[in-house]
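# Structural description and commentary
Take a look at the letters that make up each chain.
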Amino acid sequence: MQTSRVMSFFQKHKKLIFSTLIFFIFITAYGQSTVQVLPVKTLPAIDGRYDDIDSALKSYNFIQLEPQNGNSSLSQTKVIVMQNETAIYFGIACFQKVPVTAKIQVRDKFAQSDDGIFIILGTFNDNRNAYCFALNPLGTQTDSRIMDDGRTIDYNWDTQWNSSVQIYDWGWFAEMIIPFNSIKFKKNQTNWQINFRRMVREQSEISYWAERVTEEYKISGSGQLLNINPKATKNTILLIPYGMGKVTTTNENWDKYLFENQFGGDLLWQINSNLTSNISVNPDFATVEADEDVIDLTKYEIQYPEKRVFFQEGNEMYQTRLKTFYSRRVGDISGAIKLTGKVGKTNINLINAFDKNSIDSSDHKPMYTAFRMKRDVLKSSSLGFTATNKLIDNRMISTFSPDYVLNLGSLWKLTGQYVAAIDNWKVLRNTGYVRFAAENNFFHWHMRYSYLEGDGLKDIFNETGYLNDDNRNEFDSDISYKWWIKNPVFKYINFSTANNIYWNDDFSKFMSWNINETAQIFFTNKFNFDLKYNNEYRFITSESTDYYNFYYSATLGYNTEAYNHARLIFRKGRSFGSDYFSIESGIQLKVLEKIAIELKPRYIQFSPETKAFKTTLINSFSTTYNFTNNLWIKLICQNNTSILIIQNTWTHMGYFRISILDS
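It should be emphasised that the depicted structure is a prediction, and the values quoted were computed from it without experimental measurement. (Residues numbered from 1 in each chain as written. Predicted model: local features only at pLDDT ≥ 70, side-chain atom pairs only at ≥ 80, totals over all residues. Heavy atoms only, no water.)

This part is about the overall build of the protein. A tally of regular secondary structure across the protein gives 4 helices and 36 strands. Here the analysis covers contacts within the protein between residues at least 6 apart in sequence; of these, 56% occur between residues at least 24 apart. With an accessible surface of roughly 32500 Å², the protein has 58% of that area assigned to carbon and sulfur atoms. (Helix = DSSP H or I, 4+ residues; strand = E, 2+ residues; numbered from the N terminus. Contact = heavy atoms within 4.5 Å. Areas by Shrake-Rupley, 256 points an atom, 1.4 Å probe, with all protein chains shown as cover.)

Counting residues in each nonpolar core, the largest one holds 33 residues, and the members touching the most others are F90, L121, F133, I178, F196 and L225. At the level of elements, β5 (77-83), β6 (87-95), β7 (116-122), β8 (130-135), β12 (171-179) and β13 (192-200) are the ones that each hand at least two residues to this core. Non-local contacts of F133, meaning those with residues more than four positions away in its chain, are made with I117, F118, I119, L121, T142, D143, W157, T159, W161, M176, I178 and I183. Counting residues in each nonpolar core, the second largest holds 17 residues, with L65, A130, Y208 and F442 among its members. (Core = buried A, V, L, I, M, F, W, Y, C linked by side-chain atoms within 4.5 Å. Buried < 20%, exposed > 50% of the residue type's maximum accessible area, 1.4 Å probe, protein only.)

According to the stated counting rule, one finds 26 salt bridges in the structure shown. Across the pair R201 and E561 runs a salt bridge, and its minimum N-O distance is 3.7 Å. You can see R201 sitting in the loop between β13 and β14 (205-208) and its partner E561 sitting in the loop between β31 (545-558) and β32 (565-575), a full 360 residues away along the chain. (Salt bridge = Lys/Arg side-chain N within 4 Å of Asp/Glu carboxyl O.)

Attention shifts here to unusual backbone geometry. The bulk of non-glycine residues show a negative phi, and the bulk of peptide bonds are trans. For the bond from E66 to P67, the omega torsion is 5°, close enough to zero to count as cis. Relative to the assigned elements, P67 resides in the loop between β4 (63-66) and β5. Note that the residue after S607, namely P608, is joined by a cis bond; omega there is 0°. Positive phi, normally seen in glycine, also occurs at N125, with a value near 50°. Tracing the sequence through the fold places N125 in the loop between β7 and β8.

With that out of the way, let us pick up the confidence of the model for the protein. Across the protein, the average pLDDT comes to 85, with 86% of residues at or above 70. Below a pLDDT of 50 lies the segment residues 12-31, which in the model reaches 4 contacts outside its immediate sequence neighbourhood of four places, other chains included. Ignoring residues within four places in sequence, the model shows residues 644-663, a span with pLDDT below 50, making 51 contacts including any to other chains. (pLDDT = per-residue confidence, 0-100.)

Another aspect to go through is the side chain of R435. In this fold, R435 is placed in strand β25 (residues 427-439). Among the polar contacts made by the side chain of R435, one reaches the side chain of E439 at a distance of 3.4 Å. Those residues within four positions of R435 in sequence are excluded, and the remaining contacts are R151, K413, L414, T415, H444, H446, M447 and R448. (Polar contact = N/O pair within 3.5 Å; in protein donor to acceptor, adjacent residues only side chain to side chain.)

All right, on to the packing of aromatic side chains then. All told, the structure shown has 45 aromatic pairs when counted by the stated rule. Relative to F185, the ring of F180 has its centre 6.2 Å away and its plane inclined at 70°; by these criteria the two rings are edge-to-face. Both residues of the pair, F180 and F185, count as buried. For the ring pair F180 and W192, a centre distance of 6.2 Å and an interplane angle of 85° mean the geometry is edge-to-face. Here F180, found in the loop between β12 and β13, pairs with W192, found in strand β13; they are 12 residues apart in sequence, far enough to count as distant. By relative accessible area, W192 is classed as buried at 0%. Of the aromatic side chains, those joined through ring pairs into one cluster are Y449, F475, W503, F507, F510, W513, Y537 and Y548. One Lys or Arg, K482, reaches over the ring of Y492 and ends 4.4 Å from the middle of that ring. In this structure, K509 packs its charged tip against the face of F539, placed 4.5 Å from the ring centre. (Phe/Tyr/Trp six-rings, centres within 6.5 Å; stacked < 30°, edge-to-face > 60°. Lys NZ or Arg CZ within 6 Å of the ring centre and 35° of its normal.)

Printed below as a string of structure tokens:
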């Protein structure tokens with residue numbers, strides 16, 4: 001009898017039961033991790049106004065990464081996503097009860113120091129690669145490329161997009177339009193991976209939308225952007241020419257003039273939605289920002305970031321631990337071509353460049369070639385291969401390097417790389433490493449073994465890449481942990497230990513140990529105190545000398561996680577036979593709405609002084625005036641007393657962007 005009643009109820013309400021079942025399956029599969037794109041003919045005006053789309057915004061629950069991992073965000077966020085044929089639009093209302101924090105106005109310079117909203121778009125649905133677009137409450141833009149499921153982030157990548165922001169008494173509102181031709185994507189794909197990241201500086205809060213995460217920028221933890229319908233990018237060509245002239249005379253020969261000129265340009269070929277080519281002839285690198293003077297105590301070559309636009313897109317693909325292509329090896333180029341993008345499951349990057357300044361003893365100029373490919377495997381892992389070549393006269397210096405990144409779940413990772421470095425097909429040197437790690441935002445542990453074969457490896461390797469040493473079997477291991485305390489006195493404490501030892505490549509000579517211990521304490525009153533200790537033994541083969549180095553340092557900082565901050569660093573130790581102490585201070589301040597200054601004096605005294613280590617005072621002062629968020633002028637003044645003639649450098653930079661969007 002009971003059974004028949006149940007059957008009767010099921011027959012009577014089977015449509016309702018079926019619909020309810022489907023609904024719960026959908027909720028279980030997607031939860032809150034889906035965003036619907038609203039198709040429109042005309043996108044809203046980019047003016048920062050909240051009231052014109054208030055009723056269309058939908059409230060989303062964000063989940064804290066820090067400080068209370070897994071808890072709901074303390075602030076409400078509302079979002080709407082629209083698109084037309086040419087672009088996608090995001091409107092985001094950021095409600096908060098604490099004051100809005102925003103100081104930075106220079107593009108790509110804000111990350112952790114201001115309030116911010118970040119949009120992470122995985123346009124290939126591959127759990128590895130994504131674009132990130134971010135705004136702070138002043139409307140300052142930051143764009144970047146993410147690779148290897150969050151392991152690699154390239155902040156030097158830039159593209160064209162439009163945005164506007166306004167601050168209200170309830171928080172702030174941000175909106176942005178991203179043209180489809182500004183990003184690469186897979187054709188005929190109606191869903192993209194998406195996540196939202198939000199920062200509230202006053203609460204030290206970082207939160208994500210799609211799900212609970214324990215690691216920053218985890219693409220495999222993204223949600224889905226549904227019903228996206230981008231118009232496939234057509235085969236287009238953009239030509240950007242330039243010309244430059246210079247007239248020189250002297251006070252001794254006013255009637256004589258030296259005329260110089262230079263012409264060049266860049267050609268951008270958008271082959272399709274996921275593949276682009278750049279051709280450059282005599283590019284103008286004169287406006288590239290100058291490198292800042294640093295004090296180096298390592299006896300290793302200093303590695304500088306790449307700031308030249310031609311090399312920036314796709315440069316993150318070469319950021320392997322054993323960097324076989326270091327683009328700063330290439331000087332001014334007379335001509336170059338680059339191809340970058342993704343075909344199927346394979347990312348590719350090809351560069352060919354002619355250096356017009358670097359010459360050998362016979363005045364021959366080199367040609368550099370670099371090729372990189374990465375193939376997606378498993379859920380979020382990859383296999384890669386890099387080949388480089390430097391051709392000068394009839395001599396070829398080459399490297400060939402396979403590598404892998406295996407993400408073994410949410411915590412464990414296995415990575416490795418092998419490099420064959422070949423000099424003119426006559427000399428072969430080998431190097432490689434394997435690394436096993438467990439890491440997230442709060443905890444890190446790894447063990448790594450590296451092998452670098454014999455003296456001479458570095459000389460071959462560094463013709464195209466960057467390697468700071470050779471001739472070693474090295475073992476290293478790091479452990480760090482971050483405790484969020486959040487009581488009336490302490491915000492968080494971070495401890496880390498980083499240690500390595502190595503022998504020469506046949507284990508016949510012990511070469512080095514290096515022990516590093518660090519403790520950082522951040523207080524709720526915005527002060528922080530850091531202690532560091534290092535103890536190192538190094539045998540320098542070229543000098544046949546043992547060195548026992550050490551240092552200890554203490555840092556007192558105020559508000560160092562925000563833009564307006566100050567710090568004082570004291571350090572004392574011994575480095576390669578010389579005792580030293582140093583004092584470094586730094587002040588960064590937004591003095592007026594459009595003017596910011598940075599002062600960084602550094603003094604180091606050696607006893608005894610050597611050719612490599614001289615008592616030095618470096619003063620660095622910069623001031624930036626922001627006409628808009630995309631147009632500024634920056635003055636940098638530096639002097640270094642260790643140089644016989646004190647050098648002062650004045651550098652001005654401006655970045656002006658015009659976006660034309662077809663609505």
